[in-house]
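# A look at the structure
As a plain string of letters, each chain reads:
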Number of protein chains: 2
Amino acid sequence: MPELRIVLAGYGTVGKALHAILEQDRDRLAAAGIDLKLVAIARREQMMVDANGISLEAARGAWKPGDVIEAMGAVDADVLVEATPTDLQRGQPALGHCKAAFRDGLHVVLANKGPVVVAHQELLAAAKAAGVRVLFEAAVGACIPVLNAHRTALAADEVERVEGILNGTTNFILSRMAMEGSDLDQALREAQALGYAEADPTNDLDGWDAAAKIAILANSLLGRTVSLDDVEVQGIRGISRQAMELATANGYAIRLVAEAARQGPVRVAPRLVARGDPLDVAGVLNAVRFTTRLAGRLTHIGPGAGGRETAAAILADLAALAKDA
Amino acid sequence: MPELRIVLAGYGTVGKALHAILEQDRDRLAAAGIDLKLVAIARREQMMVDANGISLEAARGAWKPGDVIEAMGAVDADVLVEATPTDLQRGQPALGHCKAAFRDGLHVVLANKGPVVVAHQELLAAAKAAGVRVLFEAAVGACIPVLNAHRTALAADEVERVEGILNGTTNFILSRMAMEGSDLDQALREAQALGYAEADPTNDLDGWDAAAKIAILANSLLGRTVSLDDVEVQGIRGISRQAMELATANGYAIRLVAEAARQGPVRVAPRLVARGDPLDVAGVLNAVRFTTRLAGRLTHIGPGAGGRETAAAILADLAALAKDA
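Structural notes, computed from the coordinates. Residue positions are counted from 1 within each chain, in the order its sequence is given. As a convention, the first chain written is A and the first ligand written is 1, with the rest following in written order. Per-residue local features are limited, in this predicted model, to residues with pLDDT of at least 70; the limit for side-chain atom pairs, both in listing and counting, is 80 or more; totals at the level of whole chains, interfaces and linings are taken over all residues. With hydrogens and water set aside, each side-chain value is computed from the structure's full complement of heavy atoms.

## Side note on the pairing of strand β3 (residues 46–49) of chain A
Residues and elements named next belong to chain A. A pair of strands counts as paired when DSSP detects no fewer than two bridges linking them. Put simply, DSSP marks the helices as runs of H or I at least four residues long and the strands as runs of E at least two long, and each gets a number from the N terminus on. Relative to β3, strand β2 (residues 36–43) runs antiparallel, the two sharing four bridges. From the neighbouring strand, A42 faces β3, where its bridge partner is M47. Counting the residues between successive antiparallel strands, the hairpin from β2 to β3 contains two residues, one of them, E45, with a positive phi of roughly 60 degrees. As judged from the two bridges shared by β3 and strand β4 (residues 64–65), these two strands associate in the antiparallel manner. Among the inter-strand pairings, M47 is bridged to a residue of β4, identified as K64.

Here's what the structure looks like:
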């Protein structure tokens, strides 16, 4: 298979983890017929370009002024990996990066949810018009292969319903409240201290991160065309210690569940989940359950976040492109 | 994509479920570009052949004397679906059917574990020599996409370890023992009454069914070459009501866990699994957990048996062949 030349937009936790994997796993990937070369990186107002490939050591050196668009213009490449910070309202600047990539004939692999939730149809149409592909396994459930599973194992089946624990931060907080008897503020501070919650936890606690992910799943797997505004969202701020104790005493966990079917409301809300149900995952794990026409209910559980895990999902998309190239 | 013409060996629960899906879902599958036609069926000493396709109604009519080999010789076909009863010791007669199919240039899709566990390397080599493919998603974990997931989502990753609850019968029995405080014989009779256990439950209770499945996973995903004799097998007959009560009181479930890594023993044995662990699935569910180099631990949970569910896994393999054809 031919070499796939990559431009990487965003060099935070996920971008750096991907870079490390590309270098450290190069021989293993090559043996699997997956030949990847990182030829440009762009981060806040800086870029680094080398058609011969950028090593981890080189990236510790001097960067030039520049941005993603300039980086794509400065080197021949096949795919843009979009791993800049997510903006759920406007999808920018990532959406602009995607459009520029399509104009240059590059495939796009997104870890960034923003463009997918803001402009799903537009992205697919623009990629199709440009004769390239847009993949975003890493945008939902990090490395849980929800979209890849659909493209392959479920290709002959039909997903009728998707439910999931799609936000690791709130699941960690709810797990701690149940286990420790702590209230939400205590559990939140613990999550922040461990790096599981951001300083501004609004997108997590109020359900918007989960809402963005279920919108993406609904649009990708269920033939829906929903935007973030169409999702009925209720977060976890109203969950009291008393409600948690009552649930625990009756054999239930309280979980922030996102759900969508082929028709009806797309929803994120706290729900009682019976202990032992596959959706009753603990800590920062995510879980996605498909109800399918033929195979019944299939649940996938795995880490919903993490630099290396998200990079693994990006890599799965890059491998799919490399194999089809 | 061209039409894929199917010869079906075995017309029990799984074979009939597949036939029903092929007829009832024909339009949906065609719309997804998957064009499948059942042109021959063979069951105990009888066959039915029709190059124009066999309807459910036709299959209720008169059959001719014949067998799988004759059926394959009587009609042009592209793939043999092997769904005859499993023989874990010799893999027959299914192994003979596979070899005959390869000689005729047919791909093979197996629901039957026998040939895969008895002759994994031989099957792969014979298929390669014939320029065809052999797929067996349905042989392990029914419709849980363990092998398809590996071929796609994990193509760029590396599976380091596989653990699983691979036998629904024993998992049902252990679940009932824990929930009802019943002993193994009571729970077994209940499982038999519900159709979850066979009259002769040896292969389930003594761990041989799970052993066959973990051998297949070890050979397929971990680069091992193990036979059934290489698996260290301990079944569940020794699990007393007292042991179960002790485990439950301490927050554990007893589960029959199959496990394999890239090195070391391949094993099936009862193990304590912490309540809330993704492997702590209830009833006849199966669970498979991959520990991977990049993505961490991924668990897939779903129905481990059932005619329609197993047929769905066969269909996933057929769809993969149709898309590559």
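## Side note on the packing of helix α9 (residues 168–180) of chain B against helix α10 (residues 184–193) of chain B
All names here are of chain B. To obtain an axis, a line is fitted to C-alpha atoms, over the contacting stretch when the element is a helix, and the angle between two such axes runs from 0 to 180 degrees between their N-to-C directions. α10 packs onto α9 with a crossing angle of 125 degrees between their chain directions and a minimal axis gap of 9 Å. On the basis of their axis angle, the class for α9 and α10 is oblique. In this structure, α9 crosses over α10, and the sense of that crossing is right-handed. Where α9 approaches α10, its residues F172, I173, R176 and M177 are matched on the opposing element by L184, A187, L188, E190 and A191. Each angle receives one of four descriptions, namely roughly parallel if under 35 degrees, roughly antiparallel if over 145, roughly perpendicular if within 65 to 115, and oblique otherwise. Handedness of a crossing is defined here by the sense of rotation of the near helix relative to the far one, left-handed for an anticlockwise turn of less than a right angle and right-handed for a clockwise turn. By the convention used here, residues are in contact when the closest approach between their heavy atoms is within 4.5 Å.

## Considering the relation of the copies chain B and chain A
Here the copies are superposed with least squares, the fitted atoms being C-alpha atoms of residues at a pLDDT of at least 70 in both. Once chain B has been moved 0.0 Å along the axis and rotated by 180 degrees, it coincides with chain A to within an RMSD of 0.0 Å. In symmetry terms, the pair is related by a two-fold rotation axis. Nearest to the rotation axis, the C-alpha of H300 of chain B is located 2.3 Å from it, this being the minimum over chain B. Interface overlap between copies: 100% of the residues of chain B at the interface are likewise at the interface in chain A, consistent with a symmetric, same-surface contact.

## Points about the interface of chain B and chain A
The partner chain A presents 37 residues to the 36 residues of chain B that form the contact. For the pairing of chain B and chain A, the buried interface totals around 2,900 Å² over both sides, and the portion due to carbon and sulfur atoms is 61%. Should a side-chain nitrogen of Lys or Arg be within 4 Å of a carboxyl oxygen of Asp or Glu, the pair is scored as a salt bridge. Between the two partners, chain B and chain A, sit two salt bridges. We define a polar contact as two N or O atoms separated by no more than 3.5 Å, with the added condition that, inside protein, one atom must be a possible hydrogen donor and the other a possible acceptor, whereas residues neighbouring each other in sequence contribute only through side-chain atom pairs. For the pair chain B and chain A, the interface holds 11 residue pairs in polar contact (both at pLDDT 80 or more). Elements supplying a minimum of two residues to the side of chain B that touches chain A: α2 (26–31), β13 (296–303) and α14 (307–324) of chain B. Three residue categories are used. Nonpolar comprises Ala, Val, Leu, Ile, Met, Phe, Trp, Tyr, Cys and Pro, charged comprises Asp, Glu, Lys and Arg, and polar comprises the others, including Gly. Its residues assigned to classes, the side of chain B that touches chain A comprises 20 nonpolar, six polar and 10 charged. The pairing of strand β13 (residues 296–303) of chain A with β13 of chain B spans three bridges and is classified as antiparallel. Across the sheet, H300 of chain A pairs through a bridge with H300 of chain B, a residue of β13 of chain B. Buried area adds together the accessible area that both of two parts lose upon being put together, with accessible area traced by a 1.4 Å probe.

## Overview of the pattern of salt bridges
Per the counting criterion, the structure on display carries 39 salt bridges over all chains. Of the charged contacts, one joins E3 of chain A and K37 of chain A as a salt bridge, the two residues approaching to 3.4 Å between their closest N and O atoms. Here K37 of chain A lies in strand β2 and E3 of chain A lies in the segment before β1 (4–9), a separation of 34 residues in the sequence. A residue is classified by how much of its surface remains accessible, and E3 of chain A, at 30% relative accessible area, is partly exposed. A salt bridge links D280 of chain B to R255 of chain B; the shortest N-O distance between them is 3.5 Å. In this pair, D280 of chain B is assigned in the loop between β11 (267–274) and β12 (285–292) and R255 of chain B in strand β10 (residues 252–261), connecting sequence segments 25 residues apart. Assigned by exposure class, D280 of chain B and R255 of chain B land together as buried. The network of salt bridges with common partners includes R161, E163, E259, R267, R271, D277 and R289 of chain A. Whether a residue is buried, partly exposed or exposed follows from its accessible area with a 1.4 Å probe, protein chains only, as a fraction of its type maximum: under 20%, in between, or over 50%, in that order.

## Observations concerning unusual backbone geometry
Negative phi values dominate among residues other than glycine, just as trans dominates among peptide bonds. All names here are of chain A. A cis amide bond links Q92 to the next residue, P93, at an omega of 0 degrees. The backbone of E45 shows a phi angle near 60 degrees, a positive value even though the residue is not glycine. Residue position: E45 is located in the loop between β2 and β3.

## Some points on the packing of helix α1 (residues 13–24) of chain B against α14 of chain B
Residues and elements named next belong to chain B. The interhelical angle for the contact between α1 and α14, taken along N-to-C directions, is 60 degrees, at an axis separation of 8 Å. What the angle tells us is that α1 and α14 run oblique. The two elements α1 and α14 meet at a crossing, and its hand is right-handed. On α14, the residues that touch T13, V14, A17, L18, I21 and L22 of α1 are G307, R308, T310, A311, I314, L315 and L318.

## Observations regarding helix α10 (residues 184–193) of chain A
All names here are of chain A. Buried residues of α10: L184, A187, L188 and A191, and no others. The buried residues of α10 occupy an angular sector of 105 degrees when the element is viewed end-on, so they sit on one face. Residues of α10 that are exposed and angled more than 90 degrees away from the buried face: R189 and A193. Where α10 is buried, its residues contact α9 (168–180) and α11 (202–205). After α10 finishes, the residue G195 shows a positive phi value of roughly 80 degrees. Here the arc refers to the set of directions running from the helix axis out to each C-beta atom.

## Overview of the sheet that holds strand β7 (residues 134–135) of chain A
Residues and elements named next belong to chain A. With mixed pairing, seven strands are arranged side by side in an open sheet as β4-β3-β2-β1-β5-β6-β7. In the strand order of this sheet, the two ends are held by β4 and β7, each with one partner. Together, β1, β5 (79–82), β6 (107–110) and β7 form the strand contacts of helix α5 (residues 94–103), whose direction differs from that of β5 by roughly 175 degrees.

## Notes on α9 of chain B
Residue and element names in this part refer to chain B. In this scheme, a helix's expected span is set at 1.5 Å multiplied by one less than its residue total. Taking 1.5 Å per residue, 13 residues should reach 18 Å; α9 reaches 18 Å between its end C-alpha atoms and fits that length. Buried within α9 are the following residues: G168, T169, T170, N171, F172, I173, L174, S175 and M177. Summarising the contacts, the buried residues of α9 are in contact with β8 (159–165), α10, α11 (202–205), α13 (241–249), β10 and β12. The N-cap residue of α9 is N167: its side-chain oxygen and the backbone nitrogen of T169 are 3.4 Å apart. A positive backbone phi angle near 70 degrees is found at G181, which sits one or two residues after α9.

## Notes on the sheet that holds β8 of chain B
As summarised here, the arrangement of the 12 strands in space is β9(A)-β11(A)-β10(A)-β8(A)-β12(A)-β13(A)-β13(B)-β12(B)-β8(B)-β10(B)-β11(B)-β9(B), forming an open sheet in which the pairing is mixed. Looking at which strands have only one partner, the edges of the open sheet turn out to be β9 (232–233) of chain A together with β9 (232–233) of chain B. Bridging between β12 of chain B and β13 of chain B involves eight bridges; their strand directions are antiparallel. Paired with V288 of chain B across the strands is H300 of chain B, a residue of β13 of chain B. In the packing of helix α13 (residues 241–249) of chain A onto the sheet, contacts are made with β10 (252–261) and β11 (267–274) of chain A, and the angle to β10 of chain A comes to roughly 95 degrees.

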